[in-house]
Amino acid sequence: MFFYVVFALVIIQRLVELLIAKRNEKALLAKGAYEVGASHYPFMIVLHVSFFISLLVEVMYFKSIQPPNVILLVVFLLLQLARVWCLLSLGAFWNTKIIILPGANVVARGPYAYIRHPNYLIVCLEIALLPLMFQAYFTTICFTILNFIILSIRIPAEERALKEATNYSLYMERKTIH
């Protein structure tokens, strides 16, 4: 039962985030922003939807639903707080797509003051931890690898676009000095 509650809450969280992303996208596009990396975005959608399907199938049909590992559960809950911190720090710039507003200053507050892509790090950890909490090892291994592959395409595309259209290069210079 606990698995289904956690699963449902994470799905609801993701759906709310998609609504926020759509609202932010619409507002940014109205200000002259543009999308980068649209060609790989459908693969990200398939990856994330498949992740949840795989997790559900593996836990329901191939495992006896056991109580979650409490330590992993606590870490996962802390990651959710960090996820919200990322979202709040980026504010209107947070999105599931790469939306670039030319001339914008890169957000350098919250977790972005410390590391370059905290939201991607959090997603990587979530993709590993959520299935591990419920002993879904196939989902953990498979989707951790697939996520790294998609991020190896996405992060360079995002960084190139930010360097071309924003103050990202200056932001990176400051990060290397500290």
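As the structure is a prediction and not an experimental result, all values here were calculated from the model.

Chemist: Is there a simple way to explain the nonpolar core in this structure?
Modeler: The tendency in soluble globular proteins is for nonpolar side chains to be buried as a group. L55, I100, L130, M133 and F134 are the most contacted members of the largest nonpolar core, which totals 45 residues. Mapped onto this core, the elements with two or more residues apiece are α1 (2–30), α2 (41–62), α3 (70–90), β2 (98–100), α4 (118–133), α5 (137–165) and α6 (168–177). Among the elements that take part in this core, α4 stands out by supplying eight residues, more than any other. Not counting residues within four places of it along the chain, the set of residues in contact with L55 comprises F3, F7, L130, P131, A136 and T139. Residues L28, I99, L101 and A104 belong to the second largest nonpolar core, which totals five residues.

Chemist: How should I be thinking about the packing of aromatic side chains in this particular structure?
Modeler: The description of two aromatic rings rests on the distance between their centres and on the angle between their planes. Per the counting criterion, the structure on display carries seven aromatic pairs. Relative to F134, the ring of F2 has its centre 6.5 Å away and its plane inclined at 40°; by these criteria the two rings are tilted. Here F2 is found in helix α1, whereas its partner F134 is found in the loop between α4 and α5, with 132 residues between them in sequence. A relative accessible area of 39% means that F2 is categorised as partly exposed. Under the relative-accessibility criterion, F134 is labelled buried at 2%. On the numbers, 5.8 Å between centres and 75° between planes, the contact of F51 with F143 is edge-to-face. With a gap of 92 residues between them, F51 in helix α2 and F143 in helix α5 connect regions that are remote in the sequence. Of the aromatic side chains, those joined through ring pairs into one cluster are F2, F3, Y4, F7, F51, F52, F134 and F143.

Chemist: Is there a simple way to think about a nonpolar patch on the surface in this case?
Modeler: Judged by side-chain polarity, Y4, I45, V49, I53, V57, M60, Y61 and F62 come together as a nonpolar surface patch covering roughly 790 Å² of accessible area. Looking at the nonpolar patch, the element that brings in the most residues is α2, giving seven residues. With respect to the helices and strands, I45 occurs in helix α2. By relative accessible area, I45 is classed as partly exposed at 41%.

Reading the values: rules and limits
- Residues numbered from 1 in each chain as written.
- Predicted model: local features only at pLDDT ≥ 70, side-chain atom pairs only at ≥ 80, totals over all residues.
- Heavy atoms only, no water.
- Core = buried A, V, L, I, M, F, W, Y, C linked by side-chain atoms within 4.5 Å.
- Buried < 20%, exposed > 50% of the residue type's maximum accessible area, 1.4 Å probe, protein only.
- Helix = DSSP H or I, 4+ residues; strand = E, 2+ residues; numbered from the N terminus.
- Contact = heavy atoms within 4.5 Å.
- Phe/Tyr/Trp six-rings, centres within 6.5 Å; stacked < 30°, edge-to-face > 60°.
- Patch = residues over 30% accessible without salt bridge, like charges linked within 9 Å, V, L, I, M, F, W, Y side chains within 5 Å.
- Areas by Shrake-Rupley, 256 points an atom, 1.4 Å probe, with all protein chains shown as cover.
- Salt bridge = Lys/Arg side-chain N within 4 Å of Asp/Glu carboxyl O.

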